[in-house]
There are 2 protein chains.
Amino acid sequence: MMIDVKTLCLGVLSRGDASGYEIRKEFEEGPLSHFSDAGFGSIYPALRRLTEDGHIVMLPHSGDGRPDKKLYRITPAGRHALYQALTRAPAPDKLRSDLMFILTFGHLLPPRHLDRIISDRISDYRRLIATMEAQENQVARTPGESFVEGMGLAIYRAVASYLEDHRHELVAAALMENQVAE
Amino acid sequence: MMIDVKTLCLGVLSRGDASGYEIRKEFEEGPLSHFSDAGFGSIYPALRRLTEDGHIVMLPHSGDGRPDKKLYRITPAGRHALYQALTRAPAPDKLRSDLMFILTFGHLLPPRHLDRIISDRISDYRRLIATMEAQENQVARTPGESFVEGMGLAIYRAVASYLEDHRHELVAAALMENQVAE
DNA sequence: GTCGTTATATATCGAAACGCTATATATCTT
DNA sequence: AAGATATATAGCGTTTCGATATATAACGAC
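Rules used throughout
Each chain carries its own residue numbering, running from 1 in the written order of its sequence. To read the labels, note that chains go from A and ligands from 1, taken in the order they are written. Residues qualify for local features only when their pLDDT is at least 70, as the model is predicted, and side-chain atom pairs are given and counted only at 80 or more; totals for whole chains, interfaces and linings, by contrast, use all residues. Side-chain calculation: all heavy atoms of the structure are included, whereas hydrogens and water are not. Note on definitions: a residue-residue contact is assigned when non-hydrogen atoms from the two residues lie within 4.5 Å. Two parts placed together each lose some accessible area under a 1.4 Å probe, and adding up what both lose gives the buried area. Basic side-chain nitrogens of Lys or Arg form a salt bridge, by our definition, when they fall within 4 Å of a carboxyl oxygen of Asp or Glu. Any N or O atom pair separated by 3.5 Å or less is treated as a polar contact, with the protein-specific requirement of one donor-capable and one acceptor-capable atom, and with residues adjacent in sequence counted only for side-chain atom pairs. We count a stretch as a helix when DSSP gives it H or I for four or more residues in a row; a strand needs E for two or more, and each element gets its number in order from the N terminus. Residues are grouped as follows: Ala, Val, Leu, Ile, Met, Phe, Trp, Tyr, Cys and Pro are nonpolar; Asp, Glu, Lys and Arg are charged; all remaining types, including Gly, are polar. For two strands to pair, DSSP has to find at least two bridges joining them. Axis definition: a line fit to C-alpha positions, over the contact stretch in the case of helices; interaxial angles, taken between N-to-C directions, run 0 to 180 degrees. Take the far helix as your reference; a near helix turned counterclockwise from it by less than a right angle gives a left-handed crossing, and one turned clockwise gives a right-handed crossing. In these notes, residues near a molecule or strand are those with any non-hydrogen atom within 4 Å of it. Whether a residue is buried, partly exposed or exposed follows from its accessible area with a 1.4 Å probe, protein chains only, as a fraction of its type maximum: under 20%, in between, or over 50%, in that order. Superposition of the copies was done by least squares, using only C-alpha atoms of residues whose pLDDT is at least 70 in both. Marked domain ranges trace back to an automatic or database domain assignment.

Glancing now at the interface of chain A and chain B. Counting from both sides, the interface comprises 63 residues of chain A and, opposite them, 63 residues of chain B. When the area that chain A buries against chain B is broken down by residue, the three leading residues are Arg96, Phe101 and Phe147 of chain A, summing to 14%. Here Arg121 of chain A and Asp93 of chain B are joined by a salt bridge, their closest N and O atoms 2.9 Å apart. Summed over the shared surface of chain A and chain B, the number is 23 residue pairs in polar contact (both at pLDDT 80 or more). For the side of chain A that touches chain B, the secondary structure elements donating two or more residues are helix 1 (5-13), helix 4 (76-86), strand 3 (94-96), helix 5 (98-104), helix 6 (111-134) and helix 7 (143-181) of chain A. Among the elements that make up the side of chain A that touches chain B, the one with the highest residue count is helix 7 of chain A (19 residues). Along the lines of polarity and charge, the residues of the side of chain A that touches chain B split into 37 nonpolar, 16 polar and 10 charged. Two elements, strand 3 of chain A and strand 4 (residues 94-96) of chain B, share three bridges in a ladder whose sense is antiparallel.

Below is the structure:
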């Protein structure tokens, strides 16, 4: 059974107080962004449930900045719940990939479309890899964060390289299928 | 916006008639298993919606075997809907990984637990890679299927190799953290 | 200073999916 | 024959998704 959004939020809050919006930002840009995702529609209900569970508390308003901003802090009970989750056996990873689904039928598609989506995805990954490499020694990271950042990089490199090395095979199959159809 | 379970089912049915259970089996064992997943709780409602949409039809009972078995067939309208989805730009891939979440905090965990979950995951991947490699020339595949199978293999190899090459770094950090705590 | 744009911030909603359970039939093994 | 496993459909409460709504603060251009 996979780690749920409540636990993901506890993970973010274990590193410091945060608002719902800031937690969402962590999922988009922080160390968690490579392997987690959660939208507002799940974060806010999760924060409410965590508050009811006593795993987090909402801090009193600081009086400066945004009057509507709610800051949350993890409690000792929340740290314990997080630790329980971290010392359990991990569920298998789950990947959802439109690209791979589309490429399964790639030989049946217009070669131009096929070539475009592969090119675009290679560009996306190469850009992301360059950004991560540029940040590699600029950002303070824990050993764990460095480890998974490296792991994410290894995955992105493998995918980009595979697409670069093998794209011509699939595009050729699409061209041949195209000729057979004519 | 990601490809939904309806479209995934159309993809399976585009290769031949199938029951709900058989579609689920494709997500578990077939070419789709590396990058898609859908449980019965989403497949059956999706099949019902696809039937209402006119994208699939339920075949008359064959009279032999299971009396409760419902076989579905894709319609021309269903093929068109699938084609529309396949010629759209793919959404970014989404990975959910308990392992990477746990490893983010790995240096804070008991080194024995850490070592165990990494070892287990390496074994899982090495076993999966061996199975895929053994099947590589035994199973009839379309060019698209071969392409994404190779892509899946490249990812699994990258992850297994990274874990093998770098595990000692994280375990050492956990041991040091352990000593500091004592 | 004003106005428009962008960022920050919380919350909600309908639809879809998740994870599990229930029930039933067929097939296989002992 | 009995028990275990595989095949088969379906449902259910909970969670998540993806989008939208509303509001305030900050920023940039003029």
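This paragraph deals with the packing of helix 1 (residues 5-13) of chain B against helix 4 (residues 76-86) of chain B. Relative orientation and spacing of two packed helices are given, respectively, by the angle between their axes and the distance between those axes. All names here are of chain B. Put simply, helix 1 and helix 4 touch, their axes get as near as 10 Å, and they point 115° apart. Between helix 1 and helix 4 lies a crossing whose hand is left-handed. Here Thr7, Leu10 and Gly11 of helix 1 come into contact with helix 4, specifically with Gly78, Ala81, Leu82 and Ala85. The residue makeup of the contact of helix 1 with helix 4, split by class, is four nonpolar, three polar and no charged.

Around DNA strand D, a shell composed of 24 residues is seen, among which Arg66 of chain A together with Tyr21, Tyr44, Arg66 and Lys70 of chain B lie nearest. Sugar plus phosphate: this is where 63% of the atoms of DNA strand D within 4 Å of the protein reside. One nitrogen or oxygen atom from the main chain of Tyr21 of chain B is found 2.8 Å from a phosphate oxygen belonging to DNA strand D. Side-chain polar atom of Tyr44 of chain B to a phosphate oxygen of DNA strand D: 2.8 Å apart, as the coordinates give it. When residues of the surface near DNA strand D are traced back to their parent elements, those giving at least two are helix 3 (40-53) of chain A together with helix 2 (20-29), helix 3 (40-53) and strand 4 of chain B. Taken together, the residues of the surface near DNA strand D break down into seven nonpolar, six polar and 11 charged.

Right, let's talk about the protein's contact with DNA strand C for a bit. In the vicinity of DNA strand C lie 24 residues, with Tyr21, Arg66, Lys70 and Lys94 of chain A together with Arg66 of chain B positioned nearest. The protein-proximal atoms of DNA strand C, defined as those within 4 Å of the protein, are 65% sugar or phosphate. For DNA strand C, a phosphate oxygen lies 3.4 Å from a polar atom in the side chain of Lys25 of chain A. Arg49 of chain B places a polar side-chain atom, nitrogen or oxygen, 3.3 Å from a phosphate oxygen of DNA strand C. Here the surface near DNA strand C takes four residues from helix 2 (residues 20-29) of chain A, the largest share from any one element.

This next bit is on the environment of Ala154 of chain B. Positionally, Ala154 of chain B belongs in helix 7 (residues 143-181). On the accessibility criterion, Ala154 of chain B (17% relative accessible area) is buried. In the structure, Ala154 of chain B is positioned 25 residues away from Ile129 of chain B in sequence and 9.4 Å away in space, judged by C-alpha atoms. Setting aside anything within four residues of it in sequence, one finds Ala154 of chain B in contact with Ala158 and Tyr162 of chain A.

The transformation that overlays chain A on chain B combines an axial shift of 0.0 Å with a rotation of 180°, and the residual RMSD is 0.0 Å. One copy is carried onto the other by what is essentially a two-fold rotation axis. When C-alpha distances to the rotation axis are compared across chain A, the minimum falls at Leu95 of chain A, with a value of 2.2 Å. Counting the interface residues of chain A, we find that 100% of their copies in chain B are interface residues as well, pointing to one common contact surface.

All names here are of chain A. For chain A, the assigned domains are domain 1 (5-86) and domain 2 (98-181). In this structure, domain 1 and domain 2 have C-alpha centres spaced 32 Å apart. In this complex, domain 1 contributes four residues to the contact, which on the side of domain 2 involves five residues. For the domain 1 and domain 2 pair, buried surface summed over both sides reaches about 410 Å², with 54% attributable to carbon and sulfur atoms. Interface area lost by domain 1 to domain 2 is led by Arg15, Pro31 and His34, which between them contribute 89%. A salt bridge links Glu145 to Arg15, with the shortest nitrogen-to-oxygen separation between them at 2.1 Å. Counting every contact that joins domain 1 to domain 2 gives three residue pairs in polar contact (both at pLDDT 80 or more). When the residues that make up the side of domain 1 that touches domain 2 are grouped by side-chain class, the tally is two nonpolar, one polar and one charged.

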